[in-house]
Amino acid sequence: MRFVVIPESKNCWIWELRSAQDFLVLRSPGSFTAKFQAVAQIEALRRAIQVAGIYDLVGARVDAPADRVES
């Protein structure tokens, strides 16, 4: 996976998260007036993702080893 910073116009930037096969996975929710703003949001997102847990649809955490139930 990779982040790509894209100029939409002369003063407008967005970012995209793309898969190894170059499929769009996620796009920035808005645009930025400077490239460094897009890069700063990518860096903040990367920091936040490291602490994000994995949950099922009912809100139970499924990535904590103590909570796993063997089926």
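Procedures and definitions
- Residues numbered from 1 in each chain as written.
- Predicted model: local features only at pLDDT ≥ 70, side-chain atom pairs only at ≥ 80, totals over all residues.
- Heavy atoms only, no water.
- Helix = DSSP H or I, 4+ residues; strand = E, 2+ residues; numbered from the N terminus.
- Buried < 20%, exposed > 50% of the residue type's maximum accessible area, 1.4 Å probe, protein only.
- Contact = heavy atoms within 4.5 Å.
- Areas by Shrake-Rupley, 256 points an atom, 1.4 Å probe, with all protein chains shown as cover.
- Lys, Arg positive; Asp, Glu negative; His and termini not counted.
- Charge placed at Lys NZ, Arg CZ, Asp CG, Glu CD.
- Pairing = 2+ DSSP bridges.
- Polar contact = N/O pair within 3.5 Å; in protein donor to acceptor, adjacent residues only side chain to side chain.
- Core = buried A, V, L, I, M, F, W, Y, C linked by side-chain atoms within 4.5 Å.

Chemist: Explain the overall build of the protein chain to me, using residue names and the numbers behind them.
Modeler: For the protein chain, the count of helices and strands is one helix and three strands. Taken from the N to the C terminus, the helices and strands of the protein chain come in the order β-β-β-α. Dimensions along the principal axes, computed over C-alpha positions, put the protein chain at roughly 55 × 25 × 20 Å. A burial count over the protein chain gives 20% of its 71 residues as buried. A separation of at least 24 residues holds for 14% of the contacts in the protein chain among residues at least 6 apart in sequence. Here the protein chain displays about 5,700 Å² of accessible surface, and carbon together with sulfur accounts for 57% of that area. Of the side-chain charges in the protein chain, 9 are positive and 8 negative, and the distance between the mean point of each set is 11 Å.

Chemist: Residue-level account of unusual backbone geometry, with values.
Modeler: Phi is positive for D22, close to 70°, though the residue is something other than glycine. Topologically, D22 is positioned in the loop between β2 (12-18) and β3 (24-27).

Chemist: Describe the pairing of strand β1 (residues 2-9), naming the residues involved and giving the relevant values.
Modeler: Bridge count between β1 and β2: seven bridges; the pairing is antiparallel. The partner of V4 across the bridge, within β2, is E16. Where β1 folds back on β2, the antiparallel hairpin that results is connected by two residues.

Chemist: Tell me about the environment of R61, residues and numbers included.
Modeler: Assignment of secondary structure puts R61 in the segment after α1 (35-49). Polar side-chain contacts of R61 include one of 2.6 Å to the side chain of D63.

Chemist: Which residues make up the environment of V4, and what values do they have?
Modeler: Its location among the elements puts V4 in strand β1. The residues touching V4, leaving out its near neighbours within four places in the chain, are I14, W15, E16 and R18.

Chemist: Describe the nonpolar core, and please don't skip the residues or the numbers.
Modeler: One finds W13, W15, F32, A38 and I42 forming the largest nonpolar core, which totals five residues. Elements with a minimum of two residues in this core: β2 and α1. Excluding residues within four positions of it along the chain, W13 makes contact with V5, I6, P7, E8, G30, S31, F32, T33, A34, K35 and A38.

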